[in-house]
Amino acid sequence: MERTDFQFVDRTGSAAEPEKLIPPIVVPKEAIEAEVERLAGLPAPPNGRRVSAIVNPLAGVGSAFAPGTAVSLSVLKPGEATRPIRHNSTQVNFCIRGGGRTRVGGKWIQYEQYDVWNTPPWTTYLHVNDTDDLQVRLTYSNSALLEKMQVHIVEEDPPAVTEPAEDAGSKSHGQNPFGTFQITDDGGFLMPYEKLINPDVVPHKPLHFPWKKVKQELDKLTSLGKSYVGRRLYLLYNPATGHTNGTTSNFFATMCVRPKNIVDHPHRHVASAINYYFSGSGFSIVEGKRYSWKAGDLMLSAPGWAIHNHASNDEDVYELTIQDSPLNIWMGSLLWQENLSQPMEALGATGGFTTNRPAA
Ligand SMILES: [Fe+2]
């Protein structure tokens, strides 16, 4: 009898097909502002969260903007607060208007426009708008990926504030009596169940990157001349992500300055890139098509593996870029081609690239 709950799909001898690329998207400032006004006009919901997912219908399951990344727009009116929540997804938070306070675990963060901070996994948080202006945030989450995997677990009103991550780490430092031992000369080990269910904890702290501080450092990079072939940016680095160079385990957040009339070299990477421009204007060429953008626009600028480059018009550009590079580095899948006439590398697995900037 034929089974319907599975089937064999014969791929014998079939060649790999190239991945289909989804097109870039520019969500214009005007559309974002109109949605902010619409959210602000709603009655406050019981959980306090006025939020709109920015959904790309081509990005698949998970209210996704890029296949692995959800982006949402949150609005909090003066005097409002959100109810506590936690989930196994992690977030990069970016305040694009106003300011306020957030409690993440046991830590309060006071934030202003263009500040960035991360929300570690399974950590209770809430937001407060203690200012006189509307608070508007963009939130980048790996919930899109977890929803594709059907394992995005969200807890509304968790019973108590969870311990800060740094305290949680100390619980696991006890000696494990069940050893892990080498079994083959080539370096394979056997690990017992007791260690499997009690891995070393790498605590992730909520880290706050105030824009005022970041900008001071970023602006120094404008002195790199026009011949510089790298990017004038800083990664907002969370050391807990180690060699995956992340802000969270999934995403890096970079703050970039593009001096006026700079044209980047075309390149590509399997990580998707989402840019929010907050000063200046310019354009991107993605897979041969030109897309214009300006301050206040949100752009899916590099759907994975698309050849792309960006250029500024006649004023300096500031932008926040979110890429799912750390996840890809951890998987060994971050193919990157910095120069299209040179070979690609799997970053963090086979190698990397250099720029023409002399070492300090
Ligand atoms: Fe890129």
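In what follows, the structure referred to is the one given above.
If you're wondering where the values come from, they're calculated on a predicted model, not measured in any experiment.

Enquirer: How should the nonpolar core be read in this particular structure?
Expert: Soluble globular proteins: nonpolar side chains tend toward being buried together. Grouped together as the largest cluster of nonpolar side chains are 42 residues, with contacts concentrated most on Phe94, Leu138, Tyr140, Met255, Leu298 and Leu320. Counting residues per element, this core draws most heavily on helix H1 (residues 29–40), which supplies 4 residues. Phe94 has contacts with Tyr114, Asp115, Val116, Val136, Arg137, Leu138, Tyr140, Met255, Tyr276, Phe278 and Leu320, leaving out every residue within four places of it along the chain.

Enquirer: Please explain a nonpolar patch on the surface as it appears in this structure.
Expert: The grouping of Met191, Tyr193, Leu196 and Ile197 at the surface amounts to a nonpolar patch, some 470 Å² of accessible area in total. Within the secondary structure, Tyr193 sits in helix H4 (residues 193–196).

Enquirer: Even after reading the chapter, I still don't get the coordination of the iron ion, so can you show me in this structure?
Expert: The iron ion binds to the protein through His267 (NE2), His269 (NE2) and His308 (NE2); the donor distances cover 2.1 to 2.2 Å. Of note, the iron ion draws all its donor residues from one chain, in the sequence arrangement H-x1-H-x38-H. Placement of the pair is His267 in the loop between strand S16 (252–258) and strand S17 (268–269) and His308 in strand S22 (residues 308–312), with a sequence separation of 41 residues. Here His267 and His308 have matching classes, each one buried.

Enquirer: Help me understand the pattern of salt bridges, please; the structure alone is not making it clear to me.
Expert: Under the criterion given, the structure shown has 19 salt bridges. Notably, a salt bridge pairs Asp133 with Arg97, separated by 3.2 Å at the nearest N-O pair. Of this pair, Asp133 sits in the loop between strand S9 (125–128) and strand S10 (135–141) while Arg97 is found in strand S5 (residues 91–97), placing the two residues 36 residues apart along the sequence. Residue classification places Asp133 among the partly exposed positions, given a relative accessible area of 32%.

Enquirer: Explain the packing of aromatic side chains here, please?
Expert: Aromatic ring pairs are described here by two measures, namely the spacing of the ring centres and the angle between the planes. By the definition in use, this model includes 11 aromatic pairs. The interplanar angle of 35 degrees and the centroid separation of 6.1 Å between the aromatic rings of Phe94 and Tyr114 together place this pair among those described as tilted. With Phe94 in strand S5 and Tyr114 in the loop between strand S7 (107–111) and strand S8 (116–119), the pair connects residues that are 20 residues apart, well separated along the chain. Tyr114 matches Phe94 in its accessibility class, with the two residues each being buried. Taking relative accessible area as the criterion, Phe94 reaches 0% and is therefore assigned buried. Ring pairs connect the aromatic residues Phe94, Tyr114, Trp211, Tyr276, Phe278 and Tyr318, which therefore count as one cluster. One residue, Arg101, lies across the ring of Trp108, its end atom 4.3 Å from the ring centre. The ring of Phe283 carries the charged tip of Arg290 above its face, separated from the ring centre by 3.8 Å.

Enquirer: Honestly, the side chain of His269 in this entry has me stumped. Any pointers?
Expert: Tracing the sequence through the fold places His269 in strand S17. We classify His269 as buried; its relative accessible area is 1%. A distance of 3.4 Å separates the side chain of His269 from the side chain of His267, its partner in a polar contact.

Enquirer: Mind showing me how you'd approach the environment of Leu190 here?
Expert: Residue position: Leu190 is located in strand S13 (residues 189–190). Look at Leu190 and you get partly exposed, because its relative accessible area is 42%. In the structure, Leu190 is positioned 96 residues away from Phe94 in sequence and 43 Å away in space, judged by C-alpha atoms. With sequence-adjacent residues up to four places away left out, Leu190 is seen in contact with Gly179, Thr180, Phe181 and Ile183.

Enquirer: What's the story with the pairing of strand S18 (residues 273–279) in this structure? I'm lost.
Expert: For a regular strand, side-chain orientation follows a simple rule: the groups alternate between the two sheet faces. The buried count for S18 comes to 6 of 7 residues, which makes it a mostly enclosed element. Relative to strand S21 (residues 298–302), S18 runs antiparallel, the two sharing 4 bridges. Bridge pairing in S21 places Asn275 opposite Met299. Sheet topology places S18 next to strand S23 (residues 317–323); 6 bridges connect them, and they run antiparallel. When the sheet's bridge partners are listed, Tyr277 is paired in S23 with Glu319.

Enquirer: Where do I start with helix H5 (residues 211–220) in this structure?
Expert: Given 3.6 residues per helical turn, the α-helix brings residues three or four places apart onto the same face. Buried within H5 we find Trp211, Val214 and Leu218. Seen from one end, H5 has its buried residues packed into an arc of 65 degrees, which puts them on one side. Facing away from the buried surface of H5 by more than 90 degrees, the exposed residues are Lys212, Lys213, Gln216 and Lys220. At its buried positions, H5 is contacted by strand S14 (208–209), strand S15 (233–235), S16, S18 and S23.

Enquirer: I keep staring at the sheet that holds S17 and nothing clicks. Help me out?
Expert: To summarise the sheet geometry, strands pair through backbone hydrogen bonds and adopt either a parallel or an antiparallel arrangement. The sheet built from 3 strands is open, its strands ordered S17-S24-S25 with antiparallel pairing. The strands lining the two open edges of the sheet, one partner per strand, are S17 and strand S25 (345–346).

Enquirer: How should I be thinking about the pairing of S8 in this particular structure?
Expert: Burial along S8 is two-sided: Val116 and Asn118 and Trp117 and Thr119, pointing in opposite directions, are all buried. Where S8 lies against S14, 2 bridges are found, and the strand directions are antiparallel. Residue pairing for S14: Trp117 is matched across the bridge by His208.

Enquirer: Looking at this structure, how should I read H1?
Expert: Counted at 1.5 Å a residue, the expected span for H1 with its 12 residues is 16 Å, and the 16 Å between its end C-alpha atoms agrees. By the burial criterion, the buried members of H1 are Ile32, Glu35, Val36, Leu39 and Ala40. An end-on view of H1 places all buried positions within 135 degrees of arc, on one side of the element. As for H1, its buried residues are in contact with strand S1 (25–27), strand S2 (50–53), strand S3 (70–76), S5, S10 and S21.

Conventions adopted
- Residues numbered from 1 in each chain as written.
- Predicted model: local features only at pLDDT ≥ 70, side-chain atom pairs only at ≥ 80, totals over all residues.
- Heavy atoms only, no water.
- Core = buried A, V, L, I, M, F, W, Y, C linked by side-chain atoms within 4.5 Å.
- Buried < 20%, exposed > 50% of the residue type's maximum accessible area, 1.4 Å probe, protein only.
- Helix = DSSP H or I, 4+ residues; strand = E, 2+ residues; numbered from the N terminus.
- Contact = heavy atoms within 4.5 Å.
- Patch = residues over 30% accessible without salt bridge, like charges linked within 9 Å, V, L, I, M, F, W, Y side chains within 5 Å.
- Areas by Shrake-Rupley, 256 points an atom, 1.4 Å probe, with all protein chains shown as cover.
- Salt bridge = Lys/Arg side-chain N within 4 Å of Asp/Glu carboxyl O.
- Donors = N, O, S within 2.8 Å, 3.2 Å for Na, K, Ca; no water.
- Phe/Tyr/Trp six-rings, centres within 6.5 Å; stacked < 30°, edge-to-face > 60°.
- Lys NZ or Arg CZ within 6 Å of the ring centre and 35° of its normal.
- Polar contact = N/O pair within 3.5 Å; in protein donor to acceptor, adjacent residues only side chain to side chain.
- Pairing = 2+ DSSP bridges.
- Arc of directions from axis to C-beta.
- Expected span 1.5 Å × (residues − 1).

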